[in-house]
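Survey of secondary and tertiary structure
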Amino acid sequence: MAETPAEAASPAGAAAAPAAATAPAPTPESDRPLKLRVQDLHVVYRGRGGEDVEAVRGVSFDILDKPHIGEIVVFLGPSGCGKSTILKAVAGLLPPTKGQVLVENQLIDGPGRDRGMVFQQYTSFGWLTVQQNVEYGLRLRGIAESERKTQALKILKAVGLEQFAGRYPKELSGGMKQRVAIARTLINQPKLLLMDEPFGALDPQTRWEMQGMLIDISHREDNTILFVTHDVSEAVYLADTVYVLSKRPARILHRIDMPTFKDRSLAVKASPAFRQCEEQLLGLVYSQ
Ligand code: ADP
Ligand code: MG
């Protein structure tokens, strides 16, 4: 895996090309449209009476769109370092103390449908069926019922829930509930899918299946996914690119282009190539 210095991640630096292995026809870096630009992001939580907490310090990076294929960019850092804060700023849920966020060159100043967020906690509506949950965003936009149904069933198939369209969330396992949350977000066709440790509450086997599903979805749906985790193995498996963050306040320490692991069986985790990537990332995260 190729490491580039952290400065190369900055918009001002010469960003190295992400691993081109998954792109059907590699486009020169400079020709690719800018999907996301985070520029000199600082976030300080103002303590009410207490101390201010500096969560993010001077984070800058660009994500260029890879045509015809999705991409998973992982932010890896220790718990409490400021990962969720970065994601919330990109989601528009939190105004930066300093710096800015641009999606396709548009300045972000609040939440929008172009950015879908999936959290660790399950976020479906208990009183709606799986299909009604997935259709919800389209319903808000006044899309006709037949069109809603067509789209919902297509997305439910993509996340492996087509058999469960009529069930209620309480009848589903944790992994299935999280599939509903992902489907609800995907149906809005967001430019960016923002995922904050979404598989953190799942058992290892389910987590592994969900990771494989996410990679498959990202390749099929052409989504750009920003994925936050403190789990090194998850980062190795999912990421096209990994940004390693410092302890709080979060700064970008390294940008690493990861190899693609096509194998969807758990055995891949034991392969020397996978282990080597894990060891390198572990060293970068925990020897700071
Ligand atoms: P991570 O997602 O990497 O675990 P967070 O971004 O959630 O970290 O938090 C970074 C730091 O900011 C932590 O020290 C956390 O306690 C603090 N923090 C998060 N949210 C708030 C808040 N609303 N008010 C004050 N401090 C906060
Ligand atoms: Mg967090």
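Calculation criteria
- Residues numbered from 1 in each chain as written.
- Chains lettered and ligands numbered in written order.
- Predicted model: local features only at pLDDT ≥ 70, side-chain atom pairs only at ≥ 80, totals over all residues.
- Pairing = 2+ DSSP bridges.
- Helix = DSSP H or I, 4+ residues; strand = E, 2+ residues; numbered from the N terminus.
- Contact = placed C-beta atoms within 7 Å.
- Axes fitted to C-alpha atoms, helices over the stretch in contact; angles between N-to-C directions.
- Core = buried A, V, L, I, M, F, W, Y, C linked by C-beta atoms within 7 Å.
- Buried ≥ 20, exposed ≤ 12 C-beta atoms within 10 Å, placed from the backbone.
- pLDDT = per-residue confidence, 0-100.
- Near = placed C-beta within 6 Å.
- Nonpolar A, V, L, I, M, F, W, Y, C, P; charged D, E, K, R; others polar.

The next thing to look at is the sheet that holds strand β2 (residues 34-45). Spatial ordering of the open sheet is given by β3-β2-β5-β6, a layout of four strands whose pairing is antiparallel. Sheet topology places β3 (53-64) and β6 (106-107) at the edges, where each strand pairs with a single neighbour. Bridge analysis of β2 against strand β5 (residues 98-103) gives five bridges, and the strand direction is antiparallel. By the bridge assignment, Q39 is partnered in β5 with Q100. Sitting on the sheet, helix α1 (residues 83-91) touches β2, β3 and β5, and the angle it makes with β2 is about 120°.

Moving on, we come to the nonpolar core. Counting residues in hydrophobic clusters, the biggest one holds 69 residues, and the most contacted among them are V74, L76, V90, A183, L226 and V242. Element by element, the count of residues in this core is highest for β3, at six residues.

In the predicted model, the chain carries a mean pLDDT of 88, and 90% of its residues have values of at least 70. Per-residue pLDDT stays below 50 along residues 7-24; that stretch engages in 40 contacts with residues further than four places along the chain or on separate chains.

Time to look at the site of ligand 1. Ligand 1 sits among Y45, V53, A55, G77, S79, G80, C81, G82, K83, S84, T85 and R248. Mapped onto the shell around ligand 1, the elements with two or more residues apiece are β3 and α1. It is α1 that contributes the most residues to the shell around ligand 1, three residues altogether. Looking at side-chain class alone, the shell around ligand 1 contains four nonpolar, six polar and two charged residues.

On to the pairing of strand β8 (residues 192-196), then. Burial within β8 is extensive, with five of its five residues counted as buried. Alternating positions in β8 separate into two faces, L192, L194 and D196 on one and L193 and M195 on the other, with burial throughout. The pairing of strand β7 (residues 115-118) with β8 spans four bridges and is classified as parallel. Counterpart to V118 in the pairing with β8 is M195. One ladder, built from five bridges, connects β8 with strand β9 (residues 224-229); its direction is parallel.

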